[in-house]
Amino acid sequence: MDSSDTQRKNIAIIGGGLVGSLNACFLAKRNFQVDIYEAREDIRVTKFARGRSINLALSYRGRQALKAVGLEDQVVAYGIPMRARMIHSLSGKKSAIPYGTKSQYILSISRENLNKDLLTAVEKYSNVKVHFGHKLVKCYPEKGVITVLGQDKVPKDVTCDLIVGCDGAFSTVRTHLMKKPRFDYSQQYIPHGYMELSIPPKNGDYAMEPNYLHIWPRDTFMMIALPNTNKSFTCTLFMPFEEFEKLLTSRDVLDFFQKYFPDSIPLIGKQALVQDFFLLPAQSMISVKCSSFHFKSHCLLMGDAAHAIVPFFGQGMNAGFEDCLVFDELMDKFNNDFSMCLPEFSRFRVPDDHAISDLSMYNYTEMRAHVNSRWFIFQKNIERLLHAIMPSTFIPLYTMVTFSRIRYHEAVLHWYWQKKLQKHPDQAYL
């Protein structure tokens, strides 16, 4: 496909969030005509709504995708490095568990600022147009036609060569693909919900060490705090919905926190804690798996639309960004041929995105029930020692997932092999 043919191809991206806007940058660089249809108003001129996590953990996979479109340095500049998990015990004792080597860290990033930066980057391309306040109502992937509803409430049909669904866990594009033969789909709500709280600055500075992801593990309860550039921390409380429903009054909330998270109360403040707790109800978390991620050469799913995952490995955004990067690499390989790239994207990416979905479920159990145990810390120390001795042979799972582009499903297979090696060294090569 030559450049003149490429310029005649029209791509409709549904969803102007993180993955949709980054994807538009990749496709715009290839001289396609790209239209983004975003149901919300422009977040750069409207107040950002609470209810979703406003903090994200950016790691190597996401950084590589941003680097490919020239945005890594800009985004990293306002990120806050987190080099370890800081575990808060019930007694108030704190202990750090490093993520990897001294040079390895993840970055706490504002979702709002990142989305704004991506949208601004998209609009620098003359061949991209962002349509805010436009909701997808119908999708005909076999015809390459979508119907959108704009602010005038008049349905409008749009014809395009490729439809890319980047419209989140409850994707409208995916809903239409589910009607197609041999499209597999499953979803699972976990029994835990989440709620956001905040730790304000203290005397103009952070109230805790900012270079850590702070975790309060309490078996079925857990709270995680990530630092913000304004010196505050965003806290996320995770616990079963039935436990949230038991806390009906201010006294119930304060008693609960005094029992399970006593050292967090002076950090948050009693009044702010109660106010934030009752501001919004607990939100649900869903895991979505589907296959394939494409329909013929006309439609493609990426990000949460293809593989919504629970947030406990910090890979939701990173996996979505890597989707964009993988597709871009395939476009290079197959010279922009949709008929070759789309099926290869599904073949290549489905096992990886299913693997990180499973790992995210596994990591929730680890973070809330194991990180505070002596055995867990001992195992982590052994892993770091083995990695230092055999850096190319023994690689901790977290390192493979967070600090490399080893394919997710291959990281899982290597992890299984390493566990076998640790238990039965004489059988590891059988």
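Scroll up to find the structure this text is about.
First, a word on scope: everything that follows refers to the structure included in this document. As a convention, each chain's residues are numbered from 1 in the sequence order in which they are written. Since the coordinates come from a predicted model, pLDDT governs what is reported: local features require at least 70, and pairs of side-chain atoms require 80 or more to be given and counted, while whole-chain, interface and lining totals use all residues. Note: side-chain values were computed over all heavy atoms of the structure, leaving out hydrogens and water.

### Some points on helix α3 (residues 60–68)
Every α-helix winds through 3.6 residues per turn, so residues three or four apart in the chain are directed the same way. Short version of the rule: Accessibility here uses a 1.4 Å probe with only protein chains present; expressed as a share of the type maximum, an area under 20% marks a residue as buried, one over 50% as exposed, and anything in between as partly exposed. Going along the chain from the N terminus, every DSSP run of H or I of four or more residues is numbered as a helix, and every run of E of two or more is numbered as a strand.
Where α3 is concerned, the buried positions are R61, G62, R63, A65 and L66. Two residues or fewer after α3 comes G70, characterised by a positive phi angle close to 80 degrees.

### Topic: unusual backbone geometry
A cis amide bond, omega 5 degrees, links S291 with the succeeding residue S292. Tracing the chain through its elements places S292 in the loop between β18 (286–291) and β19 (294–295). Although it is not a glycine, K153 sits at a positive phi angle of roughly 65 degrees. Position of K153 relative to the elements: it lies in the loop between β10 (145–149) and β11 (155–159). The exposure class assigned to K153 is exposed, which follows from its relative accessible area of 63%. The phi torsion at N336 lies on the positive side, around 65 degrees, for a residue other than glycine. Looking at the secondary structure, you find N336 in the loop between α12 (316–333) and α13 (338–369).

### Some details on the packing of helix α2 (residues 18–29) against α12
The following threshold applies: Only the stretch in contact is used when a helix axis is fitted, and all axes are lines through C-alpha atoms; the angle between N-to-C directions ranges over 0 to 180 degrees. Roughly parallel means an angle under 35 degrees; roughly antiparallel means over 145; roughly perpendicular covers 65 to 115; every other angle is labelled oblique. By convention, the crossing between two helices is left-handed when the near helix turns anticlockwise from the far helix through less than a right angle, and right-handed when the turn is clockwise. We call two residues contacting when some pair of their heavy atoms lies within 4.5 Å. Polarity classes work like this: nonpolar for Ala, Val, Leu, Ile, Met, Phe, Trp, Tyr, Cys and Pro, charged for Asp, Glu, Lys and Arg, and polar for all others, with Gly in that last group.
Put simply, α2 and α12 touch, their axes get as near as 10 Å, and they point 20 degrees apart. One element, α2, and the other, α12, form an angle in the roughly parallel class. For the crossing formed where α2 meets α12, the hand is right-handed. Contacts from L18, V19, L22, N23, F26 and L27 of α2 reach α12 at M317, G320, F321, C324, L325, F327 and D328. Here the contact of α2 with α12 is built from residues that sort into 10 nonpolar, 2 polar and 1 charged.

### Some points on the pairing of β10
The condition is simple: In this scheme, strands are said to pair when DSSP sees at least two bridges between them.
Summarising burial for β10: 4 of the 5 residues are buried, a large majority. Bridge count between strand β9 (residues 135–140) and β10: 5 bridges; the pairing is antiparallel. Bridged to Y140 within β10 is V145. What sits between β9 and β10 in their antiparallel hairpin is a turn of 4 residues, with G144 showing a positive phi close to 70 degrees. Across 5 bridges, β10 lies against β11 in antiparallel orientation. The partner of L149 across the bridge, within β11, is P155. Counting the residues that bridge the hairpin from β10 to β11 gives 5 residues, and of these K153 lies at a positive phi of roughly 65 degrees.

### Side note on the packing of α2 against helix α5 (residues 111–122)
α5 packs onto α2 with a crossing angle of 30 degrees between their chain directions and a minimal axis gap of 9 Å. One way to sum up the angle between α2 and α5 is to call them roughly parallel. In this structure, the crossing between α2 and α5 has a hand that is left-handed. Residue-level contacts link L18, S21, L22, A24 and C25 of α2 to R111, L114, N115, L118, L119, A121 and V122 of α5.

### Some details on the nonpolar core
Using the following cut-off: In plain words, nonpolar cores are sets of buried Ala, Val, Leu, Ile, Met, Phe, Trp, Tyr and Cys residues tied together by side-chain atoms within 4.5 Å.
Judged by nonpolar contacts, the single largest core of 71 residues is most densely connected at I13, L22, L114, I146, F321 and F327. Those residues in contact with F321 that lie beyond four places of it in its chain are L18, V19, L22, G62, A65, L66, L114 and L118.

### Some details on the environment of F183
Positionally, F183 belongs in the loop between α6 (172–177) and β13 (184–189). Owing to a relative accessible area of 14%, F183 belongs among the buried residues under this scheme. Between the C-alpha atom of F183 and that of G168, which follows or precedes it by 15 residues, the distance is 18 Å. The residues touching F183, leaving out its near neighbours within four places in the chain, are R174, L177, M178, C290, S291, S292 and L301.

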